[in-house]
Every structure is written in C-alpha cells, then in structure tokens.
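# Structure at a glance
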Amino acid sequence: MEAKELAISAAKILDAKGADKIMILNVNHLTSITDYFVIANGRNVQAVHTLADDLEEKLAEQGILPRRKEGIEASRWIVLDYAHVIVHIFHPDEREYYNIERLWMDGSNQVEFAEAE
C-alpha cells in the first residue's frame, strides 16, 4: 500500500471509530523520517487507547504492522510508526498543548481528510 493510501486508510479507520479533529499532513518535504502524519483526538484516555488498538488491529488484518509504538500505557499521546506514515492519537489536552500540526503544517501540503471519503 502506498504511503498516501495508508494515511487515508488510517484516517478512515479512526473516523469510523469516533476520532475527532482528524488531520493528514504530508511532511516528506520537511523530514526524512516519514512521508505523512495522521493526527487525531480521542475524547478521553480510554478513547485514545481504544482508537490505537482498533487502528492497529484493522491494519494488522491487512498485514500492516507498526515498526514501533509509544505511549500505550499512559494513553495521553499514542504514536504508531508505520514507516512512511506516523499516526499520532492525542488526548485533547495534549493535542492543544503540543500543537504538533502547527510545527509541521505547510498549508500547501495538507491532505484534506475529504479525500478519504
């Protein structure tokens, strides 16, 4: 699966599970570590954990496994690293505090979530 397809697929899975404020950023021109960030919110700690579990399970069914994952225990900011796509699932407080989309966003390279529809 191509990186953009994977990012859109991850966004769709998160959306179907009830994630909020989903954003896909193309960051390949800014860093060599990945091509896309998928950023989403869960409503609370349990929702963040459930979103990450569901995403990991649904992608594993397609044979796509994360290289690394961080933040599972605290479930306030979970990162799932799928190489060309890194998924960030935030508790709303952490999303507001860290505001990583501000750090990485280049308006001309944001993938509209509407493309995932």
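Here we summarise the structure given alongside this text. (Residues numbered from 1 in each chain as written. Predicted model: local features only at pLDDT ≥ 70, side-chain atom pairs only at ≥ 80, totals over all residues. Heavy atoms only, no water.)

## So, the nonpolar core
Side chains of a nonpolar character, in soluble globular proteins, are inclined to be buried together. The test is simple: Think of a nonpolar core as a cluster: buried Ala, Val, Leu, Ile, Met, Phe, Trp, Tyr and Cys residues, connected wherever their side-chain atoms sit within 4.5 Å. Here's how the labels work: a residue is buried when its accessible area is under 20% of the maximum for its type, exposed when over 50%, partly exposed in between, all with a 1.4 Å probe on protein chains only. Residue contacts follow a heavy-atom distance rule, with two residues in contact if any of their heavy atoms lie within 4.5 Å.
Among the nonpolar cores identified, the biggest contains 26 residues, and L14, V38, L55, Y82, V85 and V87 are the most heavily contacted of them. Beyond its immediate sequence surroundings of up to four residues, L14 is in contact with A19, I22, V38, A40, L51, L55, V87 and I89.

## Brief notes about the pattern of salt bridges
Oppositely charged side chains can pair when the atoms bearing their charge come close. Operational definition: Only one rule defines a salt bridge in this text: a Lys or Arg side-chain nitrogen within 4 Å of an Asp or Glu carboxyl oxygen. Strands are runs of DSSP state E lasting at least two residues, helices are runs of H or I lasting at least four, and both sets are numbered from the N terminus onward.
In this structure the tally under the stated criterion is eight salt bridges. The closest approach of N and O atoms between R67 and D81, which form a salt bridge, is 3.1 Å. Taken together, the residues R67 in the loop between α2 (45-60) and β3 (68-70) and D81 in strand β4 (residues 77-81) connect sequence positions 14 residues apart. On the basis of relative accessibility, which here comes to 56%, the residue R67 falls in the exposed class. Linking E101 and R95 is a salt bridge whose minimum nitrogen-to-oxygen distance equals 2.9 Å. Of the two residues examined, E101 and R95, each falls in the buried class.

## Remarks on the pairing of strand β2 (residues 36-41)
How we decide: One requirement defines pairing of two strands: DSSP has to find at least two bridges between them.
Along β2, six of the six residues are buried, which leaves the element largely enclosed by surrounding structure. Side chains Y36, V38 and A40 of β2 all project onto a buried face; the interleaved residues F37, I39 and N41 project onto the opposite face, where all are buried too. Strand direction decides the pairing type here: strand β1 (residues 20-26) and β2, joined by five bridges, are antiparallel. Each residue of the ladder has a partner; that of L25, found in β2, is F37. Across six bridges, the pairing between β2 and strand β5 (residues 85-90) is parallel. Its bridge partner lying in β5, A40 is registered against I89.

## What about the side chain of S9?
With respect to the element layout, S9 can be found in helix α1 (residues 3-16). Judged by its relative accessible area of 16%, S9 is buried. Beyond its immediate stretch of four places on either side in the chain, S9 contacts M1, L59 and Q62.

Keep in mind that these numbers describe shape and distance, not what the molecule does.
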